[in-house]
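Below are the chains, spelled out letter by letter.
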Amino acid sequence: MNPTIRLHPADDVLIARAQLMSGALVEGIAVRGLIPPGHKIATRALATGEPVRRYNQIIGFASQAIGPGEHVHTHNLKTNLSGTITYSFNQKLNEIRYAKRDLTFNGFRRSNGNAGIRNEIWIVPTVGCVNGQAQQIINRFQKEVNPENVDAIEVFKHNYGCSQLGDDHVNTQKALAQLINHPNAGGVLVLGLGCENNQISHLKKFIGEYDSDRIKFLVSQEVEDEVEAGVEILKEIYRHMKNDRREAIPLSELKVGLKCGGSDGFSGITANPLVGVFSDFLIAQGGTTVLTEVPEMFGAETILMARAKDQATFEKTVSLINDFKDYYTQHNLPVYENPSPGNKDGGISTLEDKSLGCTQKGGSATVMDVLKYAYPIKVKGM
């Protein structure tokens, strides 16, 4: 087996499959120094300031002269990233290579027509102050009922819902509303305290229409014992959902979020491209995937921009990237303060290096829409 991986003929680096000792020959190049697995080796002499390519994309520049066979990493490779950029729309769409098939998944059809892959009971607190009471309600409910045909019972604990202002407060309400409406929940108890900023009466405006048999509300300060009252409400919800059964649902209704685990030098070679293949396949079936973690797009964003379906989607992608960068710079933080120490130990040297691997989760499909924080999916595709 070849001890290194070359991702593209034009690349300036090879990736070590396993630890390489000094003096080992790879592609006719003598390794200089110990090279850990997942780390990069220079294929040629690189002058100070010269761009360095991996995936046939620039992952930074040489901060000092690098000889053939030398370790290319944080000690001699620097990011090219800085602030916001003025982009041009140069569309380059790809043809999905998968045929559409008559495929289904076994899911739960909800009363509003949406489909979930799980049937769970949730408590969603309006404010972090009632996280503990919510957990007590869950524990007592499980002990008294021992529910069947329920995939999980969860409290979605958080520290928000009070002492928030402006967009910060509204974003919390939007995010909680989307969670409450999620089709993986067969039933939801929304638990409030009573004195918080995020009043249930206000939150309902973001929730919109809902199934009153499956989504119920409780304000702790309006009852003598919120734990006892909460348990009774969960029992009522459970009576409505305990007979729910899975049914065949077209794969075109499946929506999947794409997220990284712990990134290293191999992530962009193995796991992420595999997820990208899945993404393309699902989209070919009419389904939807969502590429997340915007700061891990910095340095690879032009690839995504070129896949925008039209000028308007391109402009939304530009705003997404530059708004995030503006947030960093407004707080006097560098936009490239990533990868993490663990990422670097695994062979990732710059944010571009990481992003070019991370964004492969999105496959090669056309970018159909760009969502702001806590906004629902309205367009199928990626």
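None of these values were measured; they are calculated from a predicted model.

Draft legend 1. The arrangement of the overall build of the protein in detail. Looking only at helices and strands, one finds nine helices and 18 strands in the protein. Its C-alpha atoms give the protein principal-axis dimensions of about 75 × 50 × 45 Å. Each of the 382 residues in the protein was classed as buried or not, and the buried ones make up 47%. Sequence separation of 24 or more characterises 72% of the internal contacts of the protein that already satisfy a separation of 6 or more.

Draft legend 2. How the structure looks around the packing of helix α2 (residues 166-180) against helix α3 (residues 200-207). Contact pair α2 / α3: the axes reach a minimum separation of 9 Å and the direction vectors enclose 65°. Here the hand of the crossing between α2 and α3 comes out right-handed. Contacts between α2 and α3 pair Val 170, Gln 173, Lys 174, Leu 176, Ala 177 and Ile 180 from the former with His 202, Leu 203, Phe 206 and Ile 207 from the latter. Broken down by class, the residue content of the contact of α2 with α3 amounts to seven nonpolar, two polar and one charged.

Draft legend 3. Inspection of the nonpolar core at higher detail. Ranked by internal contacts, the top residues of the largest apolar core, which has 22 residues, are Ile 121, Ile 123, Ile 137, Leu 189, Leu 191 and Leu 234. Ignoring any residue separated from it by four or fewer positions in sequence, one finds Ile 137 in contact with Ile 123, Leu 189, Leu 191, Glu 226, Val 227, Gly 230, Val 231 and Leu 234. Leu 258, Val 294, Phe 298 and Leu 304 belong to the second largest nonpolar core, which has 21 residues in total.

Draft legend 4. Molecular detail of helix α4 (residues 226-241). The end-to-end C-alpha distance of α4, which contains 16 residues, comes to 22 Å, matching closely the 22 Å that a straight helix rising 1.5 Å per residue would cover. What α4 keeps buried is the set Glu 226, Val 227, Gly 230, Val 231, Ile 233, Leu 234, Ile 237, Tyr 238 and Met 241. Looking straight down α4, one finds its buried side chains confined to an arc of 165°; they lie on one side. On its buried face, α4 sits against β12 (120-125), α1 (131-145), β14 (185-192) and β15 (215-219).

Draft legend 5. Representation of the sheet that holds strand β2 (residues 13-16) in the model. Spatially, β1-β2-β5-β8 is the arrangement adopted by the four strands of the open sheet, whose pairing is antiparallel. Pairing within the sheet leaves two strands with one partner each, and these edge strands are β1 (4-5) and β8 (71-72). In terms of strand pairing, strand β5 (residues 40-42) meets β8 through two bridges, oriented antiparallel. When the bridges of β8 are listed, Ile 41 appears paired with His 71.

Draft legend 6. Examining α2 more closely. Taking 1.5 Å per residue, 15 residues should reach 21 Å; α2 reaches 21 Å between its end C-alpha atoms and fits that length. Inspection of α2 places His 169, Thr 172, Gln 173, Leu 176, Ala 177, Leu 179 and Ile 180 among the buried residues, and these make up the whole buried set. Buried residues of α2, viewed axially, fall in a sector of 160°; they line one side. Residues of α2 that are buried make contact with β12, β14, α3 and β15.

Draft legend 7. Molecular detail of the side chain of His 73. Mapped onto the secondary structure, His 73 falls in the loop between β8 and β9 (77-78). In this structure the side chain of His 73 is engaged in a polar contact, spanning 3.0 Å, whose partner is the backbone oxygen of Lys 344. In contact with His 73, other than residues within four places in its own chain, are His 39, Lys 40, Lys 344, Gly 347, Ile 348 and Ser 349.

Draft legend 8. Broad picture of the packing of α1 against α4. For the pair α1 and α4, the least separation of the axes is 9 Å and the interaxial angle reads 55°. One way to sum up the angle between α1 and α4 is to call them oblique. You can see that α1 and α4 cross each other, and the crossing is right-handed. Residue-level inspection shows Gln 133, Gln 136, Ile 137, Ile 138, Arg 140, Phe 141, Glu 144 and Val 145 of α1 in contact with α4, the latter providing Glu 226, Val 227, Glu 228, Gly 230, Val 231, Leu 234, Lys 235 and Tyr 238. Of the residues assigned to the contact of α1 with α4, the class counts are eight nonpolar, three polar and five charged.

Draft legend 9. Structural context of the pairing of strand β10 (residues 104-109). Sheet topology places β10 next to strand β16 (residues 247-250); four bridges connect them, and they run antiparallel. Note that in β16 the partner of Thr 104 across the bridge is Pro 250. The pairing of β10 with strand β11 (residues 115-116) spans two bridges and is classified as antiparallel. Bridge pairing in β11 places Arg 109 opposite Ala 115. In this structure, the hairpin formed by β10 and β11 is closed by a connection of five residues, where Gly 113 is found at a positive phi of approximately 95°.

How each quantity is defined
Within any chain, residue numbers begin from 1 and follow the written order of that chain's sequence. Given that the model is predicted, a residue must reach a pLDDT of at least 70 before its local features are reported, and side-chain atom pairs must reach 80 or more before they are shown or counted; all residues, however, enter totals for whole chains, interfaces and linings. Calculated side-chain values reflect all of the structure's heavy atoms, with hydrogen atoms and water omitted. Note on conventions: DSSP H or I runs of at least 4 residues are helices, E runs of at least 2 residues are strands, and numbering of each starts at the N terminus. Burial here depends on accessible area, computed with a 1.4 Å probe over protein chains only, as a share of the maximum for the residue type. Under 20% is buried, over 50% is exposed, and the range in between is partly exposed. Note on contacts: a residue pair qualifies if any of its non-hydrogen atoms lie within 4.5 Å across the two residues. The convention used is that axes are lines fitted to C-alpha atoms, helices contributing only their stretch in contact, and that angles between N-to-C directions extend from 0 to 180 degrees. The handedness criterion is simple: a crossing whose near helix is rotated anticlockwise from the far helix by less than a right angle is left-handed, and one whose near helix is rotated clockwise is right-handed. Three residue categories are used. Nonpolar comprises Ala, Val, Leu, Ile, Met, Phe, Trp, Tyr, Cys and Pro, charged comprises Asp, Glu, Lys and Arg, and polar comprises the others, including Gly. Throughout, nonpolar core names a set of buried Ala, Val, Leu, Ile, Met, Phe, Trp, Tyr and Cys residues whose side chains join them through atoms within 4.5 Å. Here the expected length of a helix is defined as 1.5 Å per residue gap, with one fewer gap than residues. Here, the arc refers to the directions that run from the helix axis to the C-beta atoms. Only strands joined by at least two bridges in the DSSP assignment are considered to pair. As used in this structure description, the phrase polar contact means that two N or O atoms lie within 3.5 Å; if the pair is within protein, one of them must be able to donate a hydrogen and the other to accept it, and residues adjacent in sequence are counted only when both atoms belong to side chains. Here the word oblique covers every angle except those under 35 degrees (roughly parallel), over 145 (roughly antiparallel) and from 65 to 115 (roughly perpendicular).

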